[in-house]
Amino acid sequence: MSLDKPYQDVPGTTIFDADESRKGYHLNQFCVSLMRPENRARFKADERAYLDEWPMSEEQKLAVMARDLNRCIALGGNIYFLARIGATDGKSFQQMAGSMTGMSEEEYRDMMIRGGRSIEGNRYIGEDGDAQAHRQPQGKRGQAGTKEGC
Amino acid sequence: MSLDKPYQDVPGTTIFDADESRKGYHLNQFCVSLMRPENRARFKADERAYLDEWPMSEEQKLAVMARDLNRCIALGGNIYFLARIGATDGKSFQQMAGSMTGMSEEEYRDMMIRGGRSIEGNRYIGEDGDAQAHRQPQGKRGQAGTKEGC
Amino acid sequence: MARITASVYTSHVPAIGAAIDLGKTGEPYWQPLFAGYDKSKQWLKDNTPDVIFLVYNDHATAFSLDIIPTFAIGCAAEFQPADEGWGPRPVPVVKGHPELAAHIAQSVIQDDFDLTIVNKMAVDHGLTVPLSLMCGQPREWPCPVIPFAVNVVQYPVPSGRRCFNLGRAIRKAVASYDRPLKVQIWGTGGMSHQLQGPRAGLINREWDTAFLDQLIADPATLAQKPHIDYVREAGSEGIELVMWLIARGAMNDEFDKRAPRVAHRFYHVPASNTAVGHLILENT
Amino acid sequence: MARITASVYTSHVPAIGAAIDLGKTGEPYWQPLFAGYDKSKQWLKDNTPDVIFLVYNDHATAFSLDIIPTFAIGCAAEFQPADEGWGPRPVPVVKGHPELAAHIAQSVIQDDFDLTIVNKMAVDHGLTVPLSLMCGQPREWPCPVIPFAVNVVQYPVPSGRRCFNLGRAIRKAVASYDRPLKVQIWGTGGMSHQLQGPRAGLINREWDTAFLDQLIADPATLAQKPHIDYVREAGSEGIELVMWLIARGAMNDEFDKRAPRVAHRFYHVPASNTAVGHLILENT
Ligand SMILES: [Fe+3]
Ligand SMILES: [Fe+3]
């Protein structure tokens, strides 16, 4: 609102500023708690019960349980924090990042090996690159309409 | 050693810089622990046992038990931290500060009511003010040779 | 647009908080001190701002030796009064202003001030005693408060010049906020006091008086004063006065040369170990 | 007097740490990446400094949202490898250099950089992966390391210009230290990568190459690049590259115009989601 935000015209990208940080405070601090092995164990044993210890919104809890990282980010999550959830699941950063594109693990990995996603068409919202909203979700599975959590 | 210290020529005064901070790290962090009521209770119940939980030097522990704040400061303590010890004892900042001069509580209080300690002779080491080393301890009790902890 | 309407300066001695909390303000020792704030309380009632930006120093309370921010801005929705060893003061929770705090943080960080952003912090007497002095014992503080903590515990502390320039950056930040808030900036701590060693109890009335005079009339020159002068002349804890320069730097005359109005000035010795100084400056 | 002898720049991807720790460095996927550091390992053996000043960013590890320092300098005697969720990396404890760290902190704070001093801090892959890349798997790191953490998690992060000027202040601080230490400064993070959203996996080789060219030849101009360019062109996490400007600003040519020698340059795609860039510059 009052923050000047020159960074809202980049497709498929959320900048973690003070507004996002406020929105996602408890979600992200929940993620921080997963840096302790005893908390990871308790979370894995009963996700819902563990999440209910945190003053997060119901939406945030559901997004965590669904491992829907795009949704988590829309609700104020930051990827460096959210990565603790993936780590708890034994996932790599590549698996986590890939899950946000709609591609299968293999498709994403292959894209990276081929040199990564191209910048062309992905600089500004409104261009026609593969990260633009009108081209989501990406990948065969995404296009078939199935959703994959990380 | 390598820090530039233009502040060592003020009598009766220790500036809490990085060197002091390093020297007094555990002593000061012990003091921080006294901000929790349960720790204050444990400390009061058995000072020695509580202090032995901290990797402080024996000298530091003895200085704490003697409530010798000047000695604590010489060993790296900082007054804002050390104040937690006095608070645990139910002492005021005035009682703590006064204890470092050698004056009785009453003498120190009276000095403050009369307008405080004069700056004259107390700017530089080597002058003849009442804070200079050669005039310690101050007050009747101090001069009589008894020592008072805070 | 938001704007800074006035600045308030005051010492923040823990014993003053205790005197208020224990109902001792009428005692002969304390009465002359609190009488000096009667006018201030009325002034604040007549001039309640929408937000107070409160510059103070944490006294090894929220920040131990594990982490020592030079400048920390409180962006949380609320801040609990701390237990400094005597139990928490019985004062209201401090409500923050997360939106304005975040806006100021963004603006001054982009202006090359390397703030630490804090979203959870207990606030000690450095923040609550000035509120008590200016507001008495209300059930709630009169408006939201943005805590701004300055390191004056471990050296090196920020220079007077740095603090003064930060004040200017804060004014610019407030002026670019898109809602019409009236903001006061308070600078707290000092005046002359020394809490340690054989020189404890030092009071330098003459120096304090000159500091107040110069703070009003020529703060840019005052901002050049080196740390060692504060320590030598005003006692080791007199260094807290550098924080007053942050508030002073945020006043209009640093930009448009219209001198502020001195709404109130007060000086009293002693409060415990400390000389109490107090000023209210209004932008005209 | 101490002096900065060289600067090292490298990406710091967590998967690189995992590949080393799990013995996968010879696998076809990883082999070309690690081959790019063979020369670097030898170079570091031949040019072991007395201290490494290691600029990196904490990835929500030591600093949660409760406290976010823009610049934090580690002044402790040692720093434990952090548990980032996969368990701590099996790497040596990082020994600090408290005296030099305190000296640098004092100097740059007096130069108007508002550091946060940290005396207890776990260090994450941002710090340990560069050490692993440059040293392999030793039983102890070859020398003490001063961790210097930069906020690039929550915006606003410090500008490239601010980082570059900080580098200059660090060089001045090192040069005024009274013992004849050889100090390397490392800048880590980047290059192009994006870890979030539908644009995850972005790599911009052309932009990265131009960044490396300009970092070598014209860092003062590079330092003017606004954040949005990093985000747009190099991905949201490409912003980590601002940290390279701290190391670059500390090199001699920013003072005496003698260009540094490029001892090594390497670029490889991909490591997990990231383009790996690497440079070694020596003062001549
Ligand atoms: Fe204070
Ligand atoms: Fe990183």
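Remember, it's a predicted structure, so these values are computed and weren't measured experimentally.

## A closer look at the interface of chain A and chain D
Counting residues at the interface gives 53 residues for chain A and 40 residues for chain D. Surface buried jointly by chain A and chain D totals about 4,000 Å² across both partners, of which 58% is contributed by carbon and sulfur atoms. Among the residues of chain A in contact with chain D, Tyr80, Arg84 and Phe93 of chain A are the three that bury the most area, contributing 17% of the side total. Across the pair Arg232 of chain D and Asp9 of chain A runs a salt bridge whose closest N-O atoms are separated by 3.1 Å. The interface formed by chain A and chain D holds 33 residue pairs in polar contact (both at pLDDT 80 or more) in total. Looking at the side of chain A that touches chain D, the elements with two or more residues in it are α1 (18-23), α2 (25-33), α3 (37-45), α6 (69-74), α7 (79-88), α8 (93-99) and α9 (105-113) of chain A. The greatest single-element share of the side of chain A that touches chain D, amounting to six residues, is contributed by α7 of chain A. Among the residues forming the side of chain A that touches chain D, the class breakdown is 28 nonpolar, 17 polar and eight charged.

## Thoughts on the coordination of the iron ion (ligand 1)
Residue and element names in this part refer to chain C. Only His12 (NE2), His59 (NE2), Glu240 (OE) and Glu240 (OE) from the protein reach the iron ion (ligand 1) as donors, at distances of 2.0 to 2.7 Å. For the iron ion (ligand 1), the four donor atoms in the first shell make angles of 53 to 148° at the metal, so the coordination geometry reads as irregular. Donor residues for the iron ion (ligand 1) sit on one chain with the sequence pattern H-x46-H-x180-E. Of the two residues, His12 is situated in the loop between β1 (3-10) and α1 (14-21) and His59 in the loop between β2 (51-56) and β3 (67-69); the sequence distance between them amounts to 47 residues. Each member of the pair, His12 as well as His59, carries the same accessibility label: buried.

## Some details on the sheet that holds strand β4 (residues 71-74) of chain D
Pairing is mixed across the open sheet formed by nine strands, whose spatial order is β3(C)-β7(D)-β4(D)-β8(D)-β2(D)-β9(D)-β1(D)-β11(D)-β10(D). Strands at the two margins of the open sheet, each flanked by one partner only, are β3 of chain C together with β10 (261-271) of chain D. The average angle at which neighbouring strand axes cross in this sheet is 15°, direction not considered. Strand direction decides the pairing type here: strand β2 (residues 51-56) of chain D and strand β9 (residues 182-188) of chain D, joined by five bridges, are parallel. Bridge pairing links Leu54 of chain D to Trp186 of chain D in β9 of chain D. Sitting on the sheet, helix α4 (residues 98-110) of chain D touches β2, β4, β7 (116-118), β8 (145-150) and β9 of chain D, and the angle it makes with β4 of chain D is about 150°.

## Here we look at the coordination of the iron ion (ligand 2)
Residue and element names in this part refer to chain D. Within the protein, His12 (NE2), His59 (NE2), Glu240 (OE) and Glu240 (OE) serve as the donor atoms for the iron ion (ligand 2), at 2.0 to 2.7 Å. Geometry at the iron ion (ligand 2) is irregular, judged from its four donor atoms and the angles of 53 to 149° they form at the metal. Ordering the donors of the iron ion (ligand 2) by residue number gives the pattern H-x46-H-x180-E. Within this pair, whereas His59 is found in the loop between β2 and β3 (67-69), its partner Glu240 is found in the loop between α9 (227-234) and α10 (244-249), the two being separated by 181 residues in sequence. Grouping residues by exposure puts His59 and Glu240 together as buried.

## A closer look at the sheet that holds strand β9 (residues 182-188) of chain C
Overall, mixed pairing links the nine strands, which are arranged β10(C)-β11(C)-β1(C)-β9(C)-β2(C)-β8(C)-β4(C)-β7(C)-β3(D) in an open sheet. Each of the sheet's edge strands pairs with one partner strand only, and the pair in question is β10 (261-271) of chain C together with β3 of chain D. If you compare each strand with its neighbour and ignore which way they point, the axes differ by 15° on average. Where β1 of chain C lies against β9 of chain C, seven bridges are found, and the strand directions are parallel. Paired with Ile4 of chain C across the bridge in β9 of chain C is Val183 of chain C. Here helix α4 (residues 98-110) of chain C sits on the sheet in contact with β2, β4 (71-74), β7 (116-118), β8 (145-150) and β9 of chain C, set at roughly 150° to β4 of chain C.

## With respect to α9 of chain D
Residue and element names in this part refer to chain D. In terms of burial, α9 is largely enclosed, as seven of its eight residues are buried. Of the positions making up α9, those classed as buried are His227, Ile228, Tyr230, Val231, Arg232, Glu233 and Ala234. Contacts made by the buried residues of α9 are with α7 (205-217), α8 (219-222) and α10. Once α9 finishes, Gly235 follows within two positions and takes phi at roughly 90°, a positive value.

## Topic: the pattern of salt bridges
Using the criterion set out here, one finds 52 salt bridges over all chains in the structure. The residue Asp83 of chain C makes a salt bridge to Arg40 of chain B at a minimum N-O spacing of 2.9 Å. With one member in each of two chains, Asp83 of chain C in the loop between β5 (78-79) and β6 (94-95) and Arg40 of chain B in helix α3 (residues 37-45) form a pair that bridges those chains. Across the pair, exposure class does not vary: Asp83 of chain C and Arg40 of chain B are buried alike. Among the ionic pairs, Glu78 of chain C bridges to Lys95 of chain C, the shortest N-O distance being 3.4 Å. One end of the pair, Glu78 of chain C, is in strand β5; the other, Lys95 of chain C, is in strand β6, and 17 residues separate them in sequence. You can call Glu78 of chain C partly exposed: its relative accessible area is 39%.

## Quick word on the domain arrangement of chain A
Residue and element names in this part refer to chain A. Segmentation of chain A into domains returns domain 1 (18-90) and domain 2 (92-123). Summarising the inter-unit geometry, the C-alpha centres of domain 1 and domain 2 are found 23 Å apart. Listed per partner, the contact involves nine residues of domain 1 and six residues of domain 2. Each partner contributes to the roughly 570 Å² buried at the junction of domain 1 and domain 2, and carbon and sulfur atoms together form 74% of this total.

## Quick look at the relation of the copies chain C and chain D
Overlaying chain C on chain D yields an RMSD of 0.0 Å, the required transformation being a rotation through 180° with an accompanying axial translation of 0.0 Å. With respect to symmetry, the two chain copies, as superposed, fit the operation of a two-fold axis. When each C-alpha of chain C is compared by its distance to the rotation axis, Asp114 of chain C comes out closest, at 2.5 Å. Of all interface residues in chain C, 100% are interface residues in chain D too; the two copies therefore contact each other through one and the same surface.

Cut-offs applied
Within each chain, residues carry numbers counting from 1 in the order of the written sequence. Lettering of chains starts at A and numbering of ligands starts at 1, both following the order in which they are written. Owing to the predicted nature of the model, reporting of local features is limited to residues with pLDDT of at least 70; listing and counting of side-chain atom pairs is limited to 80 or more, with chain, interface and lining totals taken over all residues. Here the side-chain values reflect all heavy atoms present in the structure, with hydrogen atoms and water set aside. We call two residues in contact whenever any of their non-hydrogen atoms come within 4.5 Å of each other. Reported buried area values correspond to the accessible surface (1.4 Å probe) lost by two parts on association, with both partners' losses combined. Think of a salt bridge as a Lys or Arg side-chain nitrogen and an Asp or Glu carboxyl oxygen that are within 4 Å of each other. Residues adjacent in sequence count toward polar contacts only when both atoms are side-chain atoms; beyond that, a polar contact is any pair of N or O atoms within 3.5 Å, and within protein one must be able to donate a hydrogen and the other to accept it. To qualify as a helix, a DSSP run of H or I must reach at least 4 residues; to qualify as a strand, a run of E must reach at least 2; elements of each kind are numbered from the N terminus. As a working rule, the residues Ala, Val, Leu, Ile, Met, Phe, Trp, Tyr, Cys and Pro are called nonpolar, Asp, Glu, Lys and Arg charged, and the rest polar, with Gly in that last group. In this analysis a donor is any N, O or S atom within 2.8 Å of a metal ion (3.2 Å for sodium, potassium and calcium), and since water is not included, sites may seem incomplete. In this scheme the shape depends on donor count and angles: four donors with every angle between 85 and 135 degrees give tetrahedral, four or six donors with opposite pairs above 155 degrees and others between 65 and 115 give square planar or octahedral in turn, and any other case is irregular. Only protein chains enter the accessibility calculation, which uses a 1.4 Å probe; a residue whose area is less than 20% of its type maximum is buried, one above 50% is exposed, and one in between is partly exposed. A pair of strands is considered paired only if DSSP assigns at least 2 bridges between the two. Only the contacting stretch of a helix is used when fitting its axis, a line to C-alpha atoms as for every element, and angles between N-to-C directions run 0 to 180 degrees. Domains are outlined according to an automatic or database domain assignment. Superposing copies: least-squares fit, C-alpha atoms only, residues required to have pLDDT of at least 70 in both.

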